[in-house]
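Commentary on secondary and tertiary structure
Here is how the chains run, residue by residue.
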Amino acid sequence: MTDVNGLSIKDPSMKRPLAGVRILAVELYGAGPYGTQLMAELGAEVVKIEAPSMGGDVSRSVGPYFLGEGDTAFFQTFSRSKSSLALELKTPEGRAIFEKLVAGADAVVNNLRGDKPGKLGLTYDDLKSIKPSIVCAHLSAYGRNNSRANWPGYDYLMQAESGMMSLTGEPDAPPTRLGLSMVDFMTGSVFALGIVSAILNARSTGEGCDVDVSLFDVALHQTSYPAVWAMNEGYEPERLPRGAHPSIAPSQLVRTADGWGLLMCQTPKFWALFCGLTGRSDLADDPRFADIPARRAHLAELTQALDGLFMTRKSQDWSDLFAGQVPFAPVKDLKSALDNPFVAEVGMRDIVDHPAKPEGLHMLASPVMINGQRMTGHRAPTLGEQTDAILAALKSSDRGEGV
């Protein structure tokens, strides 16, 4: 079975709530493509507009794992379930085709540097005469129309300047970045939310708009309640050993016989259950550990006591003992995390057809389920793979609608 782009799909009967939404995406690398991929696997038709003169999306060349010319495992991670249109936006011919496509689209999105959308004519003011209901969404490092609009920016920089790195790591270690580009992923998710929200409004009012999301804004927003504490109460965060929670104990890493685990007794109930299941009534009766404030005040002694207990068994043994009664998780490396039987149970691994992988390309599945079904996807397109089909459909339509 194939979809409208000629790529194989697993279940054409699956309910996809964004079916009928068309997105033109001038995108590259990570944050923007992550957001539009979420939308694509929920049913939106996402057309990547790629300049052949530039080799298309730069992530097509990001190694170290290559799947043929112009294709990598990195690119596949961010552009599944999309189409690719080879088009030079900066040429008169390319611009004319682009404007015809705008007439049949719901949104034009990009994740370019903040000063680029205006220069390339991708804003609502540039496109509203073509289609008043068009949504123009911009994901940039620092936003548009400010003193940093022309600054390049990346995830790690945002972790540094937002305060995230100062909150992460052991007390005596240098500030530490998160192990993954979570600012990119979170910004892409917020981007998708902004786009869908604006499309809903445009469909009901007939009027589109500009949507702006920046890495900096989202990173700062993710400092969340510690930021509210700091702004209102003068709170000064401190890094605690073992990644401990700032106010609740025990909520931290513990040493086990074969590695590490993460214990989170976030409520008095869980502490009581923990002491009961482990047979450690002495901990429950110890006045130093009588309640959350006492345990937080005696965190070093608590950690020592917990290590002495947890090092008597392996991480998985503790997980089996607690079995969801006490919040606990073994700390896994990436391979063992992916091989976790629970991952298979919930279907968070997928295999998509790919010519470079006869056995199929192993991917992570969409995190969204509709009516109990996890969204399936197809491989990312080759550069310009759908160009002929898109242009043929455009030519057959007098106004470029419905292509």
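Everything that follows concerns the structure shown earlier in this document.
This section reports on the structure supplied with the text. (Residues numbered from 1 in each chain as written. Predicted model: local features only at pLDDT ≥ 70, side-chain atom pairs only at ≥ 80, totals over all residues. Heavy atoms only, no water.)

1. Topic: the pairing of strand β10 (residues 349-354)
Here is the rule: Note on classification: 1.4 Å probe, protein chains only; a residue is buried when its accessible area is under 20% of the maximum for its type, exposed when over 50%, partly exposed between these limits. In this description a helix means any DSSP run of H or I spanning at least four residues, a strand means any run of E spanning at least two, and both kinds are numbered starting from the N terminus. Strands are treated as partners if at least two bridges between them are detected by DSSP.
Side chains D350, V352 and H354 of β10 all project onto a buried face; the interleaved residues R349, I351 and D353 project onto a face where none is buried. When β10 meets strand β11 (residues 357-364), the two strands line up antiparallel, connected through five bridges. Its bridge partner being in β11, V352 is matched across the sheet by L361. Between β10 and β11, which follow one another and run antiparallel, lie two residues.

2. A word on the sheet that holds strand β9 (residues 328-330)
In any sheet, the strands associate via hydrogen bonds between backbone groups, in a parallel or an antiparallel arrangement. The condition that has to hold: Lines fitted to C-alpha atoms define the axes here, with helix axes fitted over just the stretch in contact, and angles between the N-to-C directions of these axes take values from 0 to 180 degrees. By definition, residues are in contact when any of their heavy atoms lie within 4.5 Å.
The three strands are arranged β7-β8-β9 in an open sheet whose pairing can be described as antiparallel. Among the strands making up the open sheet, the edge pair consists of β7 (251-256) and β9. Looking at each pair of strands side by side, their axes are set apart by 25° on average, direction ignored. Where β7 and strand β8 (residues 259-264) come together, six bridges link them in antiparallel fashion. By the bridge assignment, R255 is partnered in β8 with W260. Docked against the sheet, helix α13 (residues 299-310) engages β7, β8 and β9, running at close to 40° with respect to β7. Most of the contacts of helix α14 (residues 315-322) go to β9, to which it runs at about 150°, and overall it touches β7, β8 and β9.

3. Things to note about the packing of helix α3 (residues 92-102) against helix α17 (residues 387-396)
The criterion, for reference: Angular relationships are summarised with four words: roughly parallel below 35 degrees, roughly antiparallel beyond 145, roughly perpendicular across 65 to 115, and oblique for the angles in between. Charged means Asp, Glu, Lys or Arg here, nonpolar means Ala, Val, Leu, Ile, Met, Phe, Trp, Tyr, Cys or Pro, and polar covers whatever is left, Gly included.
Between α3 and α17, whose axes approach to 11 Å, the crossing angle comes to 70°. Classified by the angle between their axes, α3 and α17 sit roughly perpendicular to one another. Facing α3, whose interface residues are I97, K100 and L101, α17 presents I390, L391 and L394. Across the contact of α3 with α17, the residue classes break down as five nonpolar, no polar and one charged.

4. Observations concerning the sheet that holds strand β6 (residues 209-214)
Spatially, the six strands line up as an open sheet ordered β3-β2-β1-β4-β5-β6, and their pairing is parallel. Two strands close off the open sheet at either side, each with one partner strand: β3 (83-86) and β6. With strand direction ignored, the average angle separating the axes of adjacent strands in the sheet is 20°. Relative to β6, strand β5 (residues 135-140) runs parallel, the two sharing six bridges. If you follow L139 over to β6, its bridge partner there is V213. Each of β1 (22-26), β2 (45-50) and β3 is contacted by α17, which is oriented at about 75° to β3, the strand it contacts most.

5. Quick look at the packing of aromatic side chains
The following threshold applies: The criterion for an aromatic pair is that two Phe, Tyr or Trp rings (for Trp, the six-membered ring) have centres within 6.5 Å, with stacked assigned to planes under 30 degrees apart, edge-to-face to planes over 60 apart and tilted to the rest. The criterion for a charge sitting over a ring is simple: Lys NZ or Arg CZ within 6 Å of the ring centre, and within 35 degrees of the ring normal.
Going through the model one piece at a time under the given rule, you end up with 16 aromatic pairs. Centre to centre, the rings of W229 and Y235 are 5.0 Å apart; their planes meet at 90°, and the pair counts as edge-to-face. When the ring of W271 is compared with that of F274, the centres are 5.6 Å apart and the planes differ by 25°; the resulting orientation is stacked. Here W271 pairs with F274, and both are found in helix α10 (residues 268-277), just three residues apart, close to one helical turn. Since its relative accessible area comes to 5%, W271 is described here as buried. By way of ring pairs, the aromatic residues W271, F274, F310, W318, F322 and F328 are connected into one cluster. For the cation-ring pair, R148 lies above F216, with the distance from its terminal atom to the ring centre recorded as 5.9 Å. When the ring centre of W318 is taken as reference, the NZ or CZ atom of R313 above it lies at 5.0 Å.

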